[in-house]
Each structure stands twice: as C-alpha cells, then as structure tokens.
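A closer look at the structure
Each chain, letter by letter, is given below.
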Amino acid sequence: MLAWKRRLSITAAMACAVTAQGQGAAPARPASQAAAPWWSGAFLYEIYPRSFGDSNGDGVGDLPGITQHLDDLKWLGVDAIWLTPSYPSPQIDFGYDISDYEAIDPQYGMMADFAALQSAASSRGIRVLMDMVLNHTSDQHAWFKESATSRTNPKADWYVWNDGLAATAPGLLSVQKANVHDGRVPPNNWTSLFGGSAWTWVPARRQFYYHKFYVQQPDLNWRNPAVERAMFDVMRFWLDRGVAGFRLDAIPTLFEDPGLRNEPESGGIDPFGAPNLRHIYTENLDEVHGVIKRMRAMVDGYPGNRVLVGETYLPDTAALDKWYGGAAQDELHLPMDMLVGFGAGAAYRADYFRPLLRAAQTDLHGAMPLLVFDNHDQVRSIDRFADGVHDRAIAKGIAAILLLSRATALTYYGAPIGMRTATPTRREDVRDPIGISGWPREKGRDGERTPMQWTAGAQAGFSTSTQTWLPVSPDHVTINVATERADPASLLNWHHTLIALRRSEPALSRGTMQLVGTDPDILAWKRRDPQTGATVLVAINMSGTSRTIDPADYDPAKRPGQAVHTLAQTGGASVSAKAVVLSPYDIWVGKVM
C-alpha cells in the first residue's frame with residue numbers, strides 16, 4: 001500500500017548439477033529443520049488474485065483460478081501463498097478498501113471456493129496467508145456508514161473525526177484553504193498519499209474524517225479499544241478457519257498524532273501538486289507497538305506457528321528491529337526488509353547489497369530476516385536493476401540473493417519467470433486511480449499487476465476472455481511458465497534449482513551467513529552449518545568482466561588442497577581447489593568438501 005510513494009527509477013547454459021535439479025520436484029524440508037517454525041527460512045509467494053488465473057472466462061482472476069495452478073507452485077517449491085485482499089469491496093483500491101472482512105468478494109468466488117483452495121493447498125504442503133487491512137475500511141463498510149450518520153451513534157468514535165478550523169483562522173496552508181466547508185477547513189496540512197487533503201467533510205456530522213489513502217478509505221480510530229477488539233475478532237474469524245497467518249497492510253500507519261500537528265515539508269511537490277511532507281505524525285508512532293504485542297500474543301495462542309508479516313517501509317535496519325520487538329522479539333514474526341530490494345540508490349552493485357545484507361544478519365538480535373524484491377506496488381525488480389543488456393542474468397543474481405541468504409524469502413507472481421513491468425503509455429488505458437489522477441508524473445501500479453503469463457497461447461493461458469481486466473503483455477509468447485519449464489537455462493528453472501538447494505543443503509537451510517570479500521565487483525557470502533561445519537560459498541559477479549576468486553580467501557577454514565564442489569552456476573565458471581573463474585555476470589554456488 002505505501003510502496004507506490006517510494007517508487008524508484010532505477011545466458012549460458014547451467015552446469016549439469018543445475019540441469020539435474022531443475023527438472024524434478026522440490027525436495028521436502030529436512031528433518032533437521034523440524035525445531036524451527038515453518039516460516040523460518042520459508043519461500044513465500046504473493047498472489048494478486050485478479051491477475052493469477054481466471055477460471056470462469058470473465059477476464060478477472062479468481063480463487064478457483066488459483067487452485068488450478070497450485071501444482072505449478074508445488075513444483076516450484078512454494079511453502080505459503082499470500083493472497084492480496086479477496087474480501088467484498090467496492091474495488092476503488094482493488095480490494096484494499098474492504099466493506100466486509102468476513103466474506104469473499106463474489107467476483108473471486110465464495111467462501112466455499114476459499115475453503116477448496118485452502119484444502120487443495122494444504123494437500124500440497126502449501127499454507128495460505130490472508131492480507132489484513134487494519135488501518136482503514138471502505139467508506140461502504142457498515143461501521144463507517146453508521147459512524148458517519150451522527151456524533152452520537154454507537155460507532156461515532158470508531159474513525160478519526162475532527163471539527164476542523166475556522167476558514168478565517170490565521171496561518172492556514174494551501175491544502176487547507178482548498179478544502180472549505182460550511183466555513184470550516186481541515187485541522188492541519190496532512191495529505192493523502194493518493195493525492196489531496198487527507199481530510200474529507202461529512203455534512204451529517206459537520207466534521208472532517210481522516211484518510212491516509214483514498215477518500216473512500218477512512219482511517220479507523222485505534223485509540224478506541226472497541227476498534228481493536230473488533231479487528232482482533234476479524235482476525236480470529238480467519239484463524240479459526242485455518243489460515244496460516246496474515247500480511248498486515250500499511251501497519252505503521254495505525255496511529256496519528258493526537259495533537260494533529262502539521263507535518264514538516266521535505267521539499268518539492270508530490271505527483272498531485274502538493275508539497276512533499278515528512279510523515280512524522282502519521283506513521284510509526286510508538287502506540288502501534290503495543291497493539292502489535294497484543295496481536296502477537298493472540299496469534300501465538302493458536303496452534304501451528306501462525307505468522308504475522310508486516311508491510312514495513314523503514315529508514316534503516318535499527319528501525320526494522322523495533323518491529324520484531326527488539327531483543328524480546330514479541331511483535332511481528334516477519335517484518336518485511338524493504339531496504340535490500342527497494343532502498344535508496346538501489347543498483348546491481350556489490351557495494352550496495354553488502355552492507356544491507358550484513359546489517360540484516362547482525363542488527364536484528366538474531367531474528368530471521370524477510371527479504372523482498374517484488375510486490376504489487378513496485379516496478380518489477382527485473383526492470384529496476386536491469387542494465388538493458390544483461391537483464392535476465394541480473395535477475396538470476398537477484399534470485400540468488402533472495403533464495404540463498406539466511407532469510408525467509410518473499411517473491412511476487414511472475415518474478416520467477418522474469419515478467420516485465422508493462423506501464424501504460426496513455427492515460428486512457430490506466431485502471432489504477434492514482435495513475436489517473438497523477439498522470440503523467442504518477443502512472444499508477446498497473447504495470448506490475450498485468451495477468452500471469454502461463455503459456456505462449458491466447459491471453460497467456462490466464463483467461464479465455466478476449467478482454468482481460470488489464471491487457472496481457474505481448475512478451476508472453478517468450479516469457480511464460482510453459483516455455484521456461486522446458487528450458488534448463490531459464491530464469492524459472494534457476495529459481496527452482498535454488499529453492500531445491502535451500503531445502504536440501506543443511507548449510508543453506510539452517511546455516512549462519514557471513515558476507516565475505518571486498519571486491520567491488522563480487523558479492524559473496526558463506527553459509528555454515530553449525531552442526532557439521534560444512535560451508536557453502538555463494539559468489540556473484542556483478543560486472544561485465546571475468547573475475548577470479550580463491551575459495552580460501554573467502555573461507556579461511558578451508559584447508560589447502562581441500563576440494564570445492566559446484567552445486568549450481570549460471571555460466572561456465574572454471575573451478576579448482578585454488579581458483580574459481582567467474583565469467584561476466586556469472587553466479588557460482590559451491591561447497592567445500
């Protein structure tokens with residue numbers, strides 16, 4: 001939800017080991033991992049239901065369409081799927097404006113379809129996570145409809161209401177002056193992340209309500225204990241139905257400054273023409289951590305290691321650590337580390353990744369990081385890190401970072417095959433409201449939400465409809481699951497190989513991680529199995545020239561003459577006990593025997 005605001009502009013055959021592993025089913029998790037919760041080091045897969053599989057030919061994806069493709073996810077090695085909101089919704093923000101938290105939107109199916117999906121996934125060893133939007137509801141939710149009728153109804157204080165200021169008050173700012181109603185203006189300069197004032201007038205109450213996002217997404221008042229009880233009950237509704245946990249949308253925005261102080265300007269203007277603000281009074285307020293602690297205790301009371309995943313765009317790893325609960329680790333199980341994938345100055349360079357990956361291993365009190373490179377709000381990583389020439393080789397490097405680090409890994413549908421961002425070129429083709437209102441500076445998020453590319457056939461195998469909700473990308477004739485599964489050197493088979501390795505190699509499934517080397521062109525780290533001492537070394541050449549490494553330089557524990565065995569590689573690396581020669585943009589994964 002918050003990610004759009006932080007958008008960034010930014011082929012040789014595999015070795016025999018890769019080919020052999022790339023064609024079989026992913027192995028089961030080894031017994032040695034039994035002590036860890038299932039989500040520790042898991043491979044999570046985000047699904048945008050509108051775009052994954054259309055079972056009824058109406059051009060919009062649905063839950064049965066997801067069920068039809070579960071075997072593809074099992075083959076890949078997915079441990080859990082995260083479904084973006086599938087609840088009833090007016091679809092102003094494509095499901096992130098929820099009108100009923102305890103049902104399924106008819107365009108996606110029925111509760112029976114959800115139960116069938118959950119059962120089919122479980123039989124394949126795949127868990128289901130729901131997207132839970134706690135910051136706001138739709139303005140069509142029964143709670144808000146009641147709240148908006150008067151100042152005295154039972155839900156009058158369930159949302160953030162304010163009388164505003166007199167339109168004649170001194171010192172008003174432009175965003176306030178542009179929003180006059182009955183002689184009143186908003187109480188401060190807060191702006192919606194989707195454009196304009198964050199305050200909307202309701203004549204029946206003669207008050208403004210606050211909305212961090214769209215006008216149709218009023219913020220809940222989390223200072224009212226009744227709101228917390230109601231939202232926890234919603235979560236219990238789904239936990240009682242066996243969901244494995246939740247991804248918590250925009251979770252740092254639950255609380256706002258009770259003094260409603262103006263946010264300081266940070267320079268420049270946003271895509272909608274208002275001054276950019278530093279959101280110090282509407283994001284990351286301390287009160288949210290008390291809610292998360294109580295939520296964690298509630299979720300941990302259920303069997304099966306249910307998990308809380310947080311959408312946490314934060315400035316640094318120290319801030320991320322707070323969302324785990326610091327040393328106590330009593331808040332989110334897995335706050336998303338967006339720094340590695342979406343950080344300022346993100347580029348395919350060792351000196352960009354090395355300090356961020358090191359911090360994730362050393363600055364989280366030993367907690368399991370959750371790495372993210374792709375989601376439904378961001379330009380796809382294959383485009384953000386691309387150089388226009390070695391794009392798919394670079395995408396394989398990103399996959400190696402995601403899947404071979406000591407971390408839980410979260411990917412997004414289409415990323416394992418290298419789906420590209422298909423940003424609309426005309427305003428009339430845009431479906432995302434922020435792209436319509438912000439054009440041309442903000443083109444919206446349609447480009448990363450186009451239909452999944454399953455085959456080279458009509459509509460990429462996504463739908464039988466001639467008109468899908470977003471157009472299928474023309475490059476589906478070459479970039480699709482069927483084509484890439486048949487190609488041992490494909491990006492998809494590279495993902496499959498790495499996922500199989502992270503399950504089968506103890507050093508990768510349970511080992512420590514240490515960044516090694518200082519070569520500006522080589523990103524390398526070692527994973528060491530604490531039980532046996534076995535070491536796996538990962539080395540990524542991020543340059544266009546051949547580079548040579550001595551495994552002993554990267555692993556001082558290696559004895560002279562000790563053999564080095566290749567587990568996976570993307571190019572024709574020359575490997576000996578004393579030297580590994582990496583070709584341009586090559587990736588090599590080896591084990592000290």
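Residues numbered from 1 in each chain as written. Predicted model: local features only at pLDDT ≥ 70, side-chain atom pairs only at ≥ 80, totals over all residues. Heavy atoms only, no water.

1. Points about the nonpolar core
Ranked by size, the top nonpolar core spans 145 residues in total, and within it Ile81, Trp238 and Phe353 carry the most contacts. The residues touching Trp238, leaving out its near neighbours within four places in the chain, are Tyr87, Tyr101, Glu102, Ala103, Ile104, Met111, Phe114, Met130, Met132, Val243 and Phe246. The next biggest cluster of nonpolar side chains, apart from the first, holds twelve residues, and it includes Ile522, Ala524, Ala573 and Val580. (Core = buried A, V, L, I, M, F, W, Y, C linked by side-chain atoms within 4.5 Å. Buried < 20%, exposed > 50% of the residue type's maximum accessible area, 1.4 Å probe, protein only. Contact = heavy atoms within 4.5 Å.)

2. Details of the confidence of the model for the protein chain
Across the protein chain, the average pLDDT comes to 93, with 93% of residues at 70 or higher. Under a pLDDT of 50 for its full length, residues 30-34 has, in the predicted model, five contacts with residues more than four places off or in other chains. (pLDDT = per-residue confidence, 0-100.)

3. A look at the sheet that holds strand S23 (residues 587-592)
Spatial strand order, S16-S17-S18-S23-S20: five strands in an open sheet with antiparallel pairing. Two strands bound the open sheet, and with one partner strand each, they are strand S16 (512-516) and strand S20 (564-569). On average, adjacent strands in this sheet sit at an angle of 25° to one another, irrespective of strand direction. Of the strand pairs in this sheet, S20 and S23 are connected by five bridges, and their pairing is antiparallel. (Pairing = 2+ DSSP bridges. Helix = DSSP H or I, 4+ residues; strand = E, 2+ residues; numbered from the N terminus. Axes fitted to C-alpha atoms, helices over the stretch in contact; angles between N-to-C directions.)

4. Looking at the pairing of strand S7 (residues 199-202)
Of the two faces of S7, both are covered, the one formed by Trp199 and Trp201 as well as the one formed by Thr200 and Val202. Where S7 and strand S8 (residues 207-210) come together, four bridges link them in antiparallel fashion. By the bridge assignment for S8, Trp201 is matched with Phe208. Between S7 and S8, which pair antiparallel one after the other, the connecting turn spans four residues, and Arg206 there sits at a positive phi close to 50°.

5. Structural notes on the side chain of Asn188
Considering the arrangement of structural elements, one finds Asn188 in the loop between strand S6 (184-185) and S7. For Asn188, a relative accessible area of 0% translates into the label buried. Within the local environment of Asn188, its side chain forms a polar contact with the side chain of Trp199, the two groups lying 2.8 Å apart. Those residues in contact with Asn188 that lie beyond four places of it in its chain are Val175, Gln176, Trp199, Leu260, Arg261 and Asn262. (Polar contact = N/O pair within 3.5 Å; in protein donor to acceptor, adjacent residues only side chain to side chain.)

6. Considerations on the packing of helix H13 (residues 391-404) against helix H16 (residues 491-504)
The geometry of H13 relative to H16 is characterised by a closest axis approach of 10 Å and an angle of 20° between their N-to-C directions. One way to sum up the angle between H13 and H16 is to call them roughly parallel. Relative to H16, H13 is oriented so that their crossing is right-handed. Residue-level inspection shows Arg392, Ala395, Lys396, Ala399, Ala400, Leu402, Leu403 and Leu404 of H13 in contact with H16, the latter providing Leu491, Trp494, His495, Leu498, Ile499 and Arg502. By residue class, the composition of the contact of H13 with H16 is ten nonpolar, one polar and three charged. (Parallel < 35°, antiparallel > 145°, perpendicular 65-115°, else oblique. Left-handed = near helix turned anticlockwise from the far one by under 90°. Nonpolar A, V, L, I, M, F, W, Y, C, P; charged D, E, K, R; others polar.)

7. Concerning the sheet that holds strand S2 (residues 80-83)
Judged by pairing direction, the sheet is parallel, and its eight strands sit side by side in the order S13-S12-S9-S3-S2-S1-S15-S14 without closing on themselves. The open sheet has two free edges, formed respectively by strand S13 (334-335) and strand S14 (370-372), since each of these has just one partner strand. Pairing of strand S12 (residues 307-310) with S13, which is carried by two bridges, proceeds in the parallel orientation. The residue of S13 that forms the bridge with Val309 is Leu334. Against the sheet, helix H4 (residues 111-123) engages S2 and strand S3 (127-133), with an angle of about 135° to S3. Across the sheet, H13 lies against strand S1 (43-47), S14 and strand S15 (408-412), angled at about 140° from S15, the strand it touches most.

8. Here's the deal with the pattern of salt bridges
All chains considered together, the criterion is met by 31 salt bridges. Where Asp377 meets Arg449, a salt bridge forms, and the shortest distance between an N and an O atom there is 3.1 Å. Within this pair, whereas Asp377 is found in the loop between S14 and helix H12 (381-384), its partner Arg449 is found in the loop between helix H14 (433-438) and helix H15 (481-485), the two being separated by 72 residues in sequence. Each member of the pair, Asp377 as well as Arg449, carries the same accessibility label: buried. Across the pair Arg426 and Asp429 runs a salt bridge whose closest N-O atoms are separated by 2.9 Å. For Asp429, a relative accessible area of 36% translates into the label partly exposed. Where salt bridges share partners, they join Asp93, Asp377, Asp432, Arg445 and Arg449 into one cluster. (Salt bridge = Lys/Arg side-chain N within 4 Å of Asp/Glu carboxyl O.)

9. Considering the packing of helix H7 (residues 225-239) against helix H8 (residues 287-300)
The interhelical angle for the contact between H7 and H8, taken along N-to-C directions, is 30°, at an axis separation of 11 Å. In terms of orientation, H7 lies roughly parallel with respect to H8. You can see that H7 and H8 cross each other, and the crossing is right-handed. Across the interface between the two elements, Glu228, Phe232, Met235, Arg236 and Leu239 of H7 pack against Val291, Arg294, Met295, Met298 and Val299 of H8. Here the contact of H7 with H8 is composed, by residue class, of seven nonpolar, no polar and three charged.

10. Description of H16
With 14 residues, H16 extends 20 Å between its outermost C-alpha atoms, agreeing within 8% with the 20 Å of an ideal straight helix rising 1.5 Å per residue. The buried fraction of H16 is high, at 13 of 14 residues. (Expected span 1.5 Å × (residues − 1).)

11. Regarding the packing of aromatic side chains
Tallying each qualifying case throughout the model produces 29 aromatic pairs. An angle of 75° between the planes, with centres 5.2 Å apart, marks the rings of Phe114 and Trp238 as edge-to-face. Within this pair, whereas Phe114 is found in helix H4, its partner Trp238 is found in helix H7, the two being separated by 124 residues in sequence. With relative accessibility at 3%, the residue Phe114 sits in the buried group. Judged by its relative accessible area of 0%, Trp238 falls in the buried class. Ring pairs connect the aromatic residues Tyr87, Tyr101, Phe114, Trp143, Trp158, Phe237 and Trp238, which therefore count as one cluster. Here the guanidinium or amino end of Arg50 rests over the ring plane of Trp469, the centre of that ring lying 4.4 Å away. Looking at Arg241, its charged tip hangs above the ring of Phe237, at a distance of 3.6 Å from the centre. (Phe/Tyr/Trp six-rings, centres within 6.5 Å; stacked < 30°, edge-to-face > 60°. Lys NZ or Arg CZ within 6 Å of the ring centre and 35° of its normal.)

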